[in-house]
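Residues per chain, in single letters:
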Amino acid sequence: PKPTKGRMRIHCLENVDKALQFLKEQKVHLENMGSHDIVDGNHRLTLGLIWTIILRFQVSVVFSRVELIINAFESDPYRYPNVNIHNFTTSWRDGLAFNAIVHKHRPDLIEFDNLKRSNAHYNLQNAFNVAEKEMGLTKLLDPEGLEMTNKKERAQQSSFRLCFFQVKPVAQHFLSFLPDVNVDQPDEKSIITYVATYYHYFSKMKALAVLDYAIEADQLIEKYETLASELLQWIEQTIVTLNDRQLANSLNGVQNQLQAFNSYRTAWERLEKAEHERELALRNELIRQEKLEMLAARFDRKAAMRETWLSENQRLVSQDNFGTDLGAVEAATRKHEAIETDIGAYWERVAAVEAVAKELEAERYHDVRRILARRDNVLRLWEYLKELLAARRERLNAHRDLQRLFQEMRYIMDWMADEKVKLTQRNPFEVL
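Here the structure is a predicted model, which means the values were calculated and not measured.

Trainee: Quick question: what am I supposed to make of the packing of aromatic side chains here?
Mentor: Think of a pair of aromatic rings as described by two things: how far the centres are apart, and how the planes are tilted against each other in angle. Counted under the stated rule, the structure contains nine aromatic pairs. With centroids separated by 6.4 Å and ring planes inclined at 40 degrees, the aromatic side chains of phenylalanine 98 and tyrosine 198 adopt a geometry described as tilted. Remark: tyrosine 198 occurs in helix H8 (residues 188-243) and phenylalanine 98 occurs in helix H5 (residues 96-105); sequence separation between them is 100 residues. With relative accessibility at 0%, the residue tyrosine 198 sits in the buried group. An aromatic cluster of at least three residues, connected via ring pairs, comprises Trp92, Phe98, Phe128 and Tyr198.

Trainee: Just checking my understanding: could you explain the pattern of salt bridges for this structure?
Mentor: Two side chains that carry opposite charge are able to pair once their charged atoms sit near each other. Within the structure shown, the criterion is met by 15 salt bridges. In this structure, arginine 370 and aspartate 367 form a salt bridge, with 2.7 Å as the shortest nitrogen-oxygen distance. Aspartate 367 gets classed as partly exposed once you look at its relative accessible area, which sits at 26%. Ionic contacts of the salt-bridge type, sharing partners, join the residues Asp300, Glu307, Asp367, Arg370 and Arg374 into one network.

Trainee: Looking at this structure, I do not really get the packing of helix H9 (residues 251-317) against helix H10 (residues 326-345). What am I missing?
Mentor: When two helices pack together, their arrangement is given by the angle between their axes and by how far apart the axes lie. For the pair H9 and H10, the least separation of the axes is 12 Å and the interaxial angle reads 160 degrees. By the angle between their directions, the pair H9 and H10 is classed as roughly antiparallel. The element H9 and its partner H10 pack so that their crossing is left-handed. Here Trp309, Asn313, Leu316 and Val317 of H9 come into contact with H10, specifically with Ile339, Asp342 and Ile343. Classifying every residue of the contact of H9 with H10 gives five nonpolar, one polar and one charged.

Trainee: Explain the side chain of asparagine 313 to me, please; I cannot follow it from the model alone.
Mentor: Turning to its location among the elements, asparagine 313 is positioned in helix H9. For asparagine 313, a relative accessible area of 10% gives the class buried. Filtering out sequence-adjacent residues up to four positions away, asparagine 313 remains in contact with Ile343 and Leu385.

Trainee: Where do I start with the packing of H9 against helix H12 (residues 368-425) in this structure?
Mentor: Relative orientation of the contacting elements H9 and H12 amounts to 20 degrees, with a least axis distance of 9 Å. Classed by the angle they form, the pair H9 and H12 counts as roughly parallel. Crossing handedness for the pair H9 and H12: left-handed. Per-class residue counts for the contact of H9 with H12 are 15 nonpolar, four polar and eight charged.

Each value, and the rule that gives it
Residues numbered from 1 in each chain as written. Predicted model: local features only at pLDDT ≥ 70, side-chain atom pairs only at ≥ 80, totals over all residues. Heavy atoms only, no water. Phe/Tyr/Trp six-rings, centres within 6.5 Å; stacked < 30°, edge-to-face > 60°. Helix = DSSP H or I, 4+ residues; strand = E, 2+ residues; numbered from the N terminus. Buried < 20%, exposed > 50% of the residue type's maximum accessible area, 1.4 Å probe, protein only. Salt bridge = Lys/Arg side-chain N within 4 Å of Asp/Glu carboxyl O. Axes fitted to C-alpha atoms, helices over the stretch in contact; angles between N-to-C directions. Parallel < 35°, antiparallel > 145°, perpendicular 65-115°, else oblique. Left-handed = near helix turned anticlockwise from the far one by under 90°. Contact = heavy atoms within 4.5 Å. Nonpolar A, V, L, I, M, F, W, Y, C, P; charged D, E, K, R; others polar.

Here you go:
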């Protein structure tokens, strides 16, 4: 609806009534709120109304933008193996996701490989400080735990601050709290809104980069057209000169013309030689790149098979189905020894994956970072499998020793029972 013109109180009330009626038609829940509350300047209800509008009409857009960031990590899982985003609360608590977002677009700002999941406070503080100092993003979240006595109060304060961030950045300094992240259940809406600021920043950065590329491309096109035009003019002039049969009418003149022609032919021969060598280099590089792509595809196939095999055997050795008697445990021991033999022999296949990755690295493959990350993942799975295997061996040995002890105890108990029967059957006077 169109607003009513005028600045009198009745006009203001009518305009606010129209807005509230529109919100009700959109099924936005408004509780204990009237147009007079807004016109009279009730700060609490006004901020609540603004936040409600943001939730209703902007969160879906913000959510879709945040999903774009998450999809970027899902498409490149080996570059950030410790970043697993499956919600907007606990997945961000260790701070690695925030650092990964910055590192993916600005790797010069964060040394991601040095971050540890166990040091969540440092990770969060590092990401927030870098985003604020280097990118100008307001710190809307706080890694510290807040001393809130009422969870509802904390959520309301969080909502008001984010509301101020959306509609009136100048007023942010009036609010001294920050929603915390390193807690059992971080505030979902706060994280979504804050991550969306990253999206806005990097979108602008990409837009500027595209603009720079476009300007550079236009400059290159203009330079190419200029050079091409000059070359065509030179060719036309050279053709005219070569077709000219009015030669000098003196020995020195003809000698000078012949020397100039020889210089021209020498330069042209050098150009043709350079062209030929350039073509050979391009063809050789094309063959090398095709071989590298084939090698990378073979690496991916081998790595996928190794990852599947290692994961399945990790599940296998995690099972402690040893049995309940010594015979079953000894059979489980022999089976475990067979598993150890099979796993030990599998190292050659894991080493083959490592060798292919090393070859790609030596050949400066363009996507070598992904290759090395996947290689590290395979080696990490291998080391973890060996740890599980060794731990299972220890548990199996302990279980076998325990079953042997139980068997000896059963032997002793049987012997004691036999001796008891013998003693009860003998005449007591014979003992005396």
